[in-house]
Amino acid sequence: MFSFGKTKLPNYVKKKIWLKSYPPGYPQKIKVPKKSLPEVFREAAEKHGDVVSTIFYGKEYTRKQIMEMSDRFATALHNLGVRKGDVVAIYLPNSIHFMVAYYGILNIGATVTAISPLFVPREVAYQLNDSGAETIVTIDLFYNNVKQIKDETKLKNVIVCNLLGERLQVEREDLDKILNFDELIQKNPPNPPKVKINPTEDVAVLLYTGGTTGLPKGAMLTHYNMLANALQIKPITEMLNKKLGIERTVAISVLPWYHSYGQTVEIVAGALLNILGICFSQFDPVPILEAIQKFRPNTFIAVPAILILLLNHPKSREVDFSCLKYLNMGAAPTPLELARQWQQLSSNPLSEGYGLTEASPVTHSRCAQLFGDVPGSVGPPILNTLAGIVDPDTNEFLPIGEMGELVVSGPQVMKGYWNRPEETAKVFFKAGGVRWLKTGDLARMDENGHFYIMDRTKDIIKYKGHSVYPRELEEILFENEAVMDATVIGVPDPEAGEQIKAFVVLKPEYKGQVTEDDIIYWCREHMAAYKYPRYVEIVEFLPKSMVGKTLRRVLREQETQKARVSF
C-alpha cells in the first residue's frame, strides 16, 4: 500500500475514480508552466490587445489600454520605493482602477493584499498591520476610513482615485497627504523595471480568510497557485463553448475581486480565455438585469445569494434569461429549489462548484452540460486535483459514501498562512507522500467521484445528543413557497445542549401574511421531531459576506448578546 506514515490512501484516490465522470475528449491532466502572472497578462494583451475586454458602466477598455495603464502604475510604485516582495493593499470595489493596480503591483514583483470594501476602519487596520503593507490604493469614498487608522499602521503611501474618474472628493486639507491615482498614471511612463519572479515561491496575493474562528489569516498564494487554478478551469469553458457554439465568452462580472473567487475566475482566467467582462462595482439587481437584456451574456459566475435576489426582483419578470447558457454557483451551497427555479426560468441547467481561499480557490466543478446535472453535487475534482474524505480527528481516509471532512491536494493549494506556522500546521497533513489540506467542510463522495458538501464542521448543531446539519434544514425551508432565504444555527441551551433556530426572509408577497408560528408548524410537518426549529425569527435580510456566504457566526454572536441582555 502506497502510504506515508500510518495514513494510507484509499483506492478511490489512487485510481482517481472521478476521472470516469469526465466527458469524452476532456483532458485528464494538464501541464502548468512556471510563468508569473505578469507574463500571462502581457501575453494576453499582445494576443488580444485591440479587443474590448472590459465594459465598466458603459465605458469600454481593451487589454492593451489596461496593460499600458498598469505599466505606468507599476513605474509610479517603483518611484515611490515599492520593491519586490513588498505588500501593497488594494482597498477598492471592482473597477478599472482595481485591475490596473492589481496588474501594476504584480508587475514589479510586489504582493497584492486586497481588503474587503465592507471593512470598517478597525478591520482595515488589522489587515494592513498583519500584512505589513506600507502602500494602499483606495477610493475617495473610503479615504476617511484610512485616515482614521493611518497613524496606527506603517502606511507611507495613500493612493486615492475616484471610481468614475472625476475630481477626488476629499477635504482640501487632506490633498497634500495623498497621491492622486490618475495623476500618477499620467506622469509616469509605461516602462517599469524588469523584475525576476519565481512563480512557485514568490507570493502573488495575500488573501485573508473570513476569520470564522479567531482572527483572519492571510493565505499565501503564489503566482503558480493562481495560474494553475485558472488553467485547471480553462478547459471547462473551452469545451462548453465548443459544445454550445459560443464564439466568445461574454460574462456578467460581479464577483468581488478582493476575494480569490473573483481574482482567479474573472481576472486571471479572463485573460487566458479572452473573456469580455461586463463589470459592476457592487451588486445591484436593476443594472445587472438591464445588462442581461442589453448585452445578452452567455456566462454568469455568481453565488446563490445573488441569484435569489435577482429572481425575486420585480424586474426579473421582464428579462429573458435563456442567453445565460452557463450559470455557475460557488462560495455557498445552492438550494435544490433554487436550481429548479433557474431551470424552469431559463431552460438551462444550473452548474455548481466548490473551493476555498486556501486553494486559489477552485477544487471541484460540475458544469451541468459536461459533467451531468447531478443535483446537490459540486462535481468531481478539477484537473490535477486529488480529493478525499477523512475522519476529522484522525485524518484516516473513509470509504466511499461515508461522511467526513473533505481534504484536497493540488498545484492550486497555498504555501501556508502568512506568519502563522502553527495555524499552517493544523490544516495540513501528509498521506501517501501527498500534502493534504483540511477544508473544515463535511462532505461525502459517491461511486462516480462526485462530491457533496454537507456542512461546516463547526456549524453542526448538537440537540439532545443528535447531530443536526443546518444545510439539510435550510434545503427543506427553501421548499416553503413563502421563503426567499433562510439559515439555521444552534443556540446554547442548558438542557438540550443547543436549540435549533431558523432565520427566514419572506418573499415580498408573503410579508405580513406568514408568521413565525406558521413556519414552525410547517417545519414540524416536514422535518423529524429532533430536527425542526423550535424558534423562528422572520428578518428583512441575512448577514452575508461579499462572496455571498451567510454569516452564521454573526447570528450566533447576536443571539449570545441577546442572552446576556435578558439575563
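Structure: see above.
Residues numbered from 1 in each chain as written. Predicted model: local features only at pLDDT ≥ 70, side-chain atom pairs only at ≥ 80, totals over all residues. Heavy atoms only, no water.

S.K.: Would you take a moment to explain the overall build of the protein for this structure?
M.R.: Across its full length, the protein holds 17 helices and 28 strands. Rg of the C-alpha trace for the protein: 24 Å, near the compact-globule value of 24 Å for 567 residues, within the 12% margin. Its C-alpha atoms give the protein principal-axis dimensions of about 70 × 60 × 50 Å. Across the 567 residues that make up the protein, the buried fraction comes to 59%. Residue pairs in contact within the protein that sit at least 24 positions apart in sequence constitute 68% of those at least 6 positions apart. Side chains of the protein carry 66 positive and 64 negative charges; the gap between the two charge centres is 7 Å. (Helix = DSSP H or I, 4+ residues; strand = E, 2+ residues; numbered from the N terminus. Rg over C-alpha atoms; globule rule 2.2 N^0.38 Å. Buried < 20%, exposed > 50% of the residue type's maximum accessible area, 1.4 Å probe, protein only. Contact = heavy atoms within 4.5 Å. Lys, Arg positive; Asp, Glu negative; His and termini not counted. Charge placed at Lys NZ, Arg CZ, Asp CG, Glu CD.)

S.K.: Is there a simple way to explain the pattern of salt bridges in this structure?
M.R.: Think of it this way: side chains of opposite charge can pair up when their charged atoms draw near. For the coordinates displayed, the defined rule picks out 19 salt bridges. Lys64 is the salt-bridge partner of Asp50, the closest N and O atoms lying 3.0 Å from each other. Of this pair, Asp50 sits in the loop between α2 (37–48) and β3 (52–56) while Lys64 sits in helix α3 (residues 63–79), and the two are 14 residues apart along the sequence. A relative accessible area of 44% places Lys64 in the partly exposed class. Of the charged contacts in the structure, one is a salt bridge between Asp174 and Lys147, with a shortest N-O distance of 3.1 Å. Taken together, the positions of Asp174 in the loop between β8 (157–161) and β9 (179–180) and Lys147 in helix α6 (residues 143–149) put the pair 27 residues apart, joining distant regions of the chain. (Salt bridge = Lys/Arg side-chain N within 4 Å of Asp/Glu carboxyl O.)

S.K.: I'm lost on the environment of Leu207 in this one. Help?
M.R.: Looking at the element boundaries, Leu207 is found in strand β10 (residues 203–208). Through-space distance from the C-alpha of Leu207 to that of Ile275 is 24 Å; in sequence the pair is 68 residues apart. Sequence-distant contacts of Leu207, that is, excluding residues within four places in its chain, are made with Lys217, Gly218, Ala219, Leu221, Tyr258, Ser260, Gln263 and Thr357.

S.K.: I keep staring at the pairing of strand β17 (residues 362–366) and nothing clicks. Help me out?
M.R.: Here is the key point about a regular strand: its side chains alternate between the two faces of the sheet. Counting buried positions along β17 yields 5 of 5 residues, so the element is predominantly enclosed. The pairing of strand β16 (residues 350–355) with β17 spans 4 bridges and is antiparallel. Residue pairing across strands places Gly353 opposite Ser365, the latter belonging to β17. Between β16 and β17, which follow one another and run antiparallel, lie 6 residues, and Ser360 among them has a positive phi close to 75°. (Pairing = 2+ DSSP bridges.)

S.K.: Is there a simple way to think about the packing of α2 against helix α4 (residues 96–107) in this case?
M.R.: Packed helices, taken two at a time, are described by the angle between their axes plus the distance between the axes. Where α2 contacts α4, the two axes come as close as 8 Å, and the packing angle between them is 125°. Here α2 is positioned oblique relative to α4, judged by the angle of their axes. Once α2 is placed against α4, the crossing between them reads as left-handed. Facing α2, whose interface residues are Leu37, Pro38, Phe41 and Arg42, α4 presents Tyr102, Tyr103, Leu106 and Asn107. Considering only residue class, the contact of α2 with α4 consists of 6 nonpolar, 1 polar and 1 charged. (Axes fitted to C-alpha atoms, helices over the stretch in contact; angles between N-to-C directions. Parallel < 35°, antiparallel > 145°, perpendicular 65-115°, else oblique. Left-handed = near helix turned anticlockwise from the far one by under 90°. Nonpolar A, V, L, I, M, F, W, Y, C, P; charged D, E, K, R; others polar.)

S.K.: How do you make sense of the sheet that holds strand β15 (residues 326–329) when you look at a structure like this?
M.R.: The pairing of strands in a sheet comes from backbone hydrogen bonds and takes either a parallel or an antiparallel form. Ordered by their spatial adjacency, 8 strands build an open sheet running β4-β3-β13-β12-β14-β15-β16-β17, and the pairing between neighbours is mixed. Strands at the two margins of the open sheet, each flanked by one partner only, are β4 (59–62) and β17. Within this sheet the neighbouring strands show an average axis-to-axis angle of 20°, counted without direction. Running at roughly 170° to strand β12 (residues 250–253), helix α10 (residues 285–295) makes contact with β3, β12, β13 (276–279) and β14 (299–302) of the sheet.

S.K.: Can you help me understand helix α15 (residues 470–477) in this one?
M.R.: Because the α-helix completes a turn every 3.6 residues, residues three or four places apart line up on one side. Of all 8 residues in α15, 7 are buried; the element is thus mostly enclosed. Along α15, the positions that sit buried rather than exposed are Pro470, Arg471, Leu473, Glu474, Glu475, Ile476 and Leu477.

S.K.: Teacher, can you tell me more about the nonpolar core here?
M.R.: For soluble globular proteins, the rule of thumb is that nonpolar side chains tend to be buried together. Of all hydrophobic cores here, the largest spans 165 residues; its most connected members are Phe41, Tyr102, Phe300, Phe397 and Trp436. Counting residues in hydrophobic clusters, the runner-up holds 23 residues, among them Leu473, Val483, Val488 and Ala502. (Core = buried A, V, L, I, M, F, W, Y, C linked by side-chain atoms within 4.5 Å.)

S.K.: Which parts of the structure should I look at to understand the packing of aromatic side chains?
M.R.: For any pair of aromatic rings, the description consists of the separation of the ring centres together with the inter-plane angle of the planes. Following the criterion strictly, the structure yields 15 aromatic pairs and no others. The interplanar angle of 55° and the centroid separation of 6.5 Å between the aromatic rings of Trp18 and Phe451 together place this pair among those described as tilted. Note that Trp18 is positioned in the loop between α1 (11–14) and α2 and Phe451 in strand β23 (residues 451–456), a separation of 433 residues in sequence. The exposure class of Trp18 is buried, given its relative accessible area of 1%. Overall, Phe451 belongs to the buried group, its relative accessible area being 0%. For the cation-ring pair, Lys217 lies above Tyr417, with the distance from its terminal atom to the ring centre recorded as 5.2 Å. Looking at Arg534, its charged tip hangs above the ring of Tyr532, at a distance of 3.8 Å from the centre. (Phe/Tyr/Trp six-rings, centres within 6.5 Å; stacked < 30°, edge-to-face > 60°. Lys NZ or Arg CZ within 6 Å of the ring centre and 35° of its normal.)

S.K.: Hey, could you run me through empty space enclosed by the protein in this one?
M.R.: One way to see where empty space is left: roll a probe the size of a water molecule over the atoms. Evaluation of the coordinates by the stated rule reveals 3 cavities of 30 Å³ or more. Empty space within the largest cavity amounts to approximately 580 Å³. When residues in the lining of the largest cavity are grouped by element, the largest group, 7 residues, is from helix α9 (residues 260–272). Along the lines of polarity and charge, the residues of the lining of the largest cavity split into 25 nonpolar, 17 polar and 4 charged. (1 Å grid on protein atoms, 1.4 Å probe; cavity = no way out; pocket = protein on both sides within 12 Å on 5 of 7 lines; lining within 4 Å. Points joined across faces, edges and corners; volume = space filled by probe spheres on them.)

S.K.: Please explain the pairing of β8 as it appears in this structure.
M.R.: The buried count for β8 comes to 5 of 5 residues, which makes it a mostly enclosed element. Neither face of β8 is exposed, since Asn157, Ile159 and Cys161 on one face and Val158 and Val160 on the opposite face are all buried. With 5 bridges joining them, strand β7 (residues 135–139) and β8 adopt parallel strand pairing. Paired with Thr135 across the bridge in β8 is Asn157. Handedness of the crossover is the feature at issue here: the chain leaves β7, passes through α6, returns alongside β8, and the resulting connection is right-handed. (Right-handed = clockwise from strand over helix to strand, strands pointing away.)

So, to be careful, I would describe these as geometric facts and stop short of saying anything about function.
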